[in-house]
Amino acid sequence: MQAVEGGRAGGSHEVGIRDGQPIFDGVDLTVLAAQVSTPFYAYSAQAIRSRINALFGAFHGLDVRICFAVKANSNIAILQLMAQHGCGADIVSLGEMQRSLKAGIPAERVVFSGVGKTADEIDAALSAGVWRFNVESADELHLLQHRAQSRGVCARAAVRINPDVDARTHAKISTGKAENKFGVSIDEARRWFAECAALDHVQLDGLHAHIGSQILDLEPFRQALQRVEAFRRELVQSGHAIASVDIGGGLGVMYRPGVDMPVEIADYASLVRATFADFKGTLALEPGRWLVAEAGVLVTRAIRVKHGTDRQFLVVDAAMNDLLRPSLYDAWHEIVPMHGRDEPDVAYDVVGPVCETGDTFAQGRVLARCEAGDLLMIAGAGAYGASMGSTYNSRPLPPEVLLDDGRYAIIRRRQTITEMMAGEQFPQAWHET
Ligand code: LLP
């Protein structure tokens with residue numbers, strides 16, 4: 001996403017410059033910055049809606065459930081948008097479950113994934129009546145049977161297959177190789193189905209696979225889905241009913257214009273339709289990033305320019321605690337000065353104030369010359385931005401603002417320093433164990 005005259009792709013929710021001002025979903029970001037102060041996250045409701053509609057449109061006619069991966073953006077207002085447009089949720093913790101239910105996502109549209117579900121989490125999810133558990137180990141399967149039995153209910157479950165496919169993405173977000181902690185091999189899953197009659201409180205009738213994130217190539221999807229479908233056919237032939245197949249998330253987005261080439265959603269949908277042409281059950285998707293990444297920006301203000309020995313440091317007021325992706329994955333995010341002045345280009349190391357060398361948004365990034373006080377926009381920040389934020393260096397969490405066709409609403413106010421310390425206390429009493 002880049003600020004260009006008239007806006008990219010022409011949609012009214014794209015970032016663009018109008019009369020010299022940066023406009024996002026009809027809202028002037030400089031005015032907003034003056035009102036909420038920086039740094040802050042801004043999300044375009046129109047951009048999110050258009051992604052949801054595009055995805056439902058691509059799968060039109062199929063029995064499909066889009067379960068938004070809550071970890072990508074867990075603000076309750078974003079989840080409410082998802083609920084209002086028919087999405088469910090893919091959750092990995094009770095916190096994510098509570099957020100989803102609070103936002104109005106019905107429990108029967110919630111799938112519970114994750115390798116470390118505890119007995120308490122399983123109990124709570126059974127009480128809430130989530131649609132299904134994506135089970136990732138034999139131990140979890142038996143725990144699920146035990147917890148469901150003690151509550152006198154039957155848990156719906158899918159086995160998460162680890163198809164041993166290279167998603168060709170960053171190693172830290174690849175999940176579908178045998179060496180990754182996620183899911184079980186098809187051989188193990190086959191044994192589960194052979195033995196599942198003994199599990200009288202688990203209805204094991206689903207398959208699940210999620211091979212990684214920010215995938216820019218259809219081929220890994222094709223390989224994984226073909227393995228899942230071949231296994232499904234085998235199961236059906238041996239008498240097992242498979243009611244749902246959950247194909248996970250992973251669709252990549254364009255962080256770097258002209259370099260990242262995301263898969264066309266129509267091509268992805270065609271692949272899924274062709275692969276599962278014989279499948280008559282429910283198809284679930286768990287997209288996170290694709291729905292929200294390009295719908296969000298992090299707005300920050302330059303504190304100063306520091307002239308190093310041989311580098312120019314542009315020190316901004318956002319930091320790695322606000323947006324961790326560049327530090328953690330060396331991720332590229334477009335950085336766009338919003339000053340609107342015609343300035344010569346300068347190569348900057350764009351850094352935050354946190355006391356770590358890794359607190360760097362970009363190195364040697366060529367930008368129109370900036371000075372203290374200038375606003376900048378860090379694009380592609382709608383997914384895994386605020387949701388991965390922390391208060392490291394005792395920096396309060398920044399506000400999140402939802403924009404919608406010229407209006408805005410604060411969906412998380414800036415945390416105060418008092419709130420940040422809430423819950424901490426000096427020792428009141430010392431206890432012996
Ligand atoms: N389903 C499961 C089981 C997942 O673990 C994930 C993401 C998703 C769905 C959604 O994947 P998506 O459609 O967003 O690619 N923090 C990293 C991404 C970690 C993804 C973890 N799992 C980042 O900032 O790139």
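Keep in mind that what you see is a predicted model, and the values were worked out from it rather than measured. (Residues numbered from 1 in each chain as written. Predicted model: local features only at pLDDT ≥ 70, side-chain atom pairs only at ≥ 80, totals over all residues. Heavy atoms only, no water.)

A.B. asks: How do you make sense of the confidence of the model for the protein when you look at a structure like this?
C.D. replies: Note that predicted coordinates carrying low pLDDT should not be read in detail. Scored by pLDDT, the protein comes out at a mean of 94, with 97% of its residues at no less than 70. Segment residues 1-11: pLDDT under 50, and 30 contacts once partners within four positions in sequence are set aside and those in other chains are kept. (pLDDT = per-residue confidence, 0-100. Contact = heavy atoms within 4.5 Å.)

A.B. asks: I would appreciate a short explanation of the domain arrangement of the protein in the present structure.
C.D. replies: Bring the parts together and some accessible area is lost; that lost area is often taken as the interface size. What the domain assignment reports for the protein is domain 1 (2-44 + 293-420) and domain 2 (46-292). Across the interface of domain 1 and domain 2, roughly 2,400 Å² is buried in total on both sides, 53% from carbon and sulfur atoms. It is Glu 294, Trp 332 and Tyr 384 in domain 1 that bury the most area against domain 2; as a group they hold 26% of the surface buried on that side. Here domain 1 and domain 2 share two salt bridges between them. When the shortest N-O distance is used, the salt bridge between Asp 404 and Arg 49 registers 2.6 Å. Joining domain 1 to domain 2, the criterion identifies 17 residue pairs in polar contact (both at pLDDT 80 or more). Put simply, the parts of the chain that give the side of domain 1 that touches domain 2 at least two residues each are strand S5 (40-44), helix H11 (325-329), strand S20 (400-404) and strand S21 (407-412). Of the residues assigned to the side of domain 1 that touches domain 2, the class counts are eleven nonpolar, ten polar and nine charged. (Domains from an automatic or database assignment. Buried area = accessible area lost by both parts, 1.4 Å probe. Salt bridge = Lys/Arg side-chain N within 4 Å of Asp/Glu carboxyl O. Polar contact = N/O pair within 3.5 Å; in protein donor to acceptor, adjacent residues only side chain to side chain. Helix = DSSP H or I, 4+ residues; strand = E, 2+ residues; numbered from the N terminus. Nonpolar A, V, L, I, M, F, W, Y, C, P; charged D, E, K, R; others polar.)

A.B. asks: I keep staring at unusual backbone geometry and nothing clicks. Help me out?
C.D. replies: Glycine aside, residues mostly have negative phi, and peptide bonds are mostly found in the trans state. At the junction of Thr 38 and Pro 39, the peptide bond is cis and its omega measures out at -10 degrees in the coordinates. In this structure, Pro 39 sits in the loop between helix H1 (29-36) and S5. Phi is positive for Tyr 384, which is not a glycine, with a value near 55 degrees. Among the secondary structure elements, Tyr 384 is positioned in the loop between strand S19 (375-378) and S20.

A.B. asks: Help me out: how do you make sense of the pairing of S5 in this one?
C.D. replies: A regular strand places its side chains so that they alternate between the two faces of the sheet. The element S5 is largely enclosed, with a buried count of five among its five residues. Two strands pair when backbone bridges link them, and S5 and strand S14 (residues 296-307) are joined in this way by four bridges, in the antiparallel orientation. Note that in S14 the partner of Tyr 41 across the bridge is Leu 298. (Buried < 20%, exposed > 50% of the residue type's maximum accessible area, 1.4 Å probe, protein only. Pairing = 2+ DSSP bridges.)

A.B. asks: Hey, could you run me through the site of the ligand in this one?
C.D. replies: Not every one of the 18 residues close to the ligand is listed here, only the nearest: Ser 213, Glu 286, Arg 325, Tyr 329 and Tyr 384. A distance of 2.6 Å separates an oxygen atom of the ligand from a polar side-chain atom of Tyr 384. Considering the ligand on its own, with 590 Å² of exposed area, one finds that the protein chains cover 92% of that surface. Taken together, the residues of the shell around the ligand sort by class into six nonpolar, six polar and six charged. Each of two domains, domain 1 (2-44 + 293-420) and domain 2 (46-292), supplies a minimum of three residues to the shell around the ligand. (Near = heavy atom within 4 Å. Areas by Shrake-Rupley, 256 points an atom, 1.4 Å probe, with all protein chains shown as cover.)

A.B. asks: When you look at the nonpolar core in this model, what are you seeing that I'm missing?
C.D. replies: Nonpolar side chains in soluble globular proteins tend to end up buried together. Among the nonpolar cores identified, the biggest contains 106 residues, and Phe 59, Phe 133 and Tyr 268 are the most heavily contacted of them. Domain assignment of the residues forming this core places at least three in each of domain 1 (2-44 + 293-420) and domain 2 (46-292). The residues contacting Phe 59, other than those within four sequence positions of it, are Val 64, Tyr 268, Ala 269, Val 272, Arg 273, Leu 283 and Leu 285. (Core = buried A, V, L, I, M, F, W, Y, C linked by side-chain atoms within 4.5 Å.)

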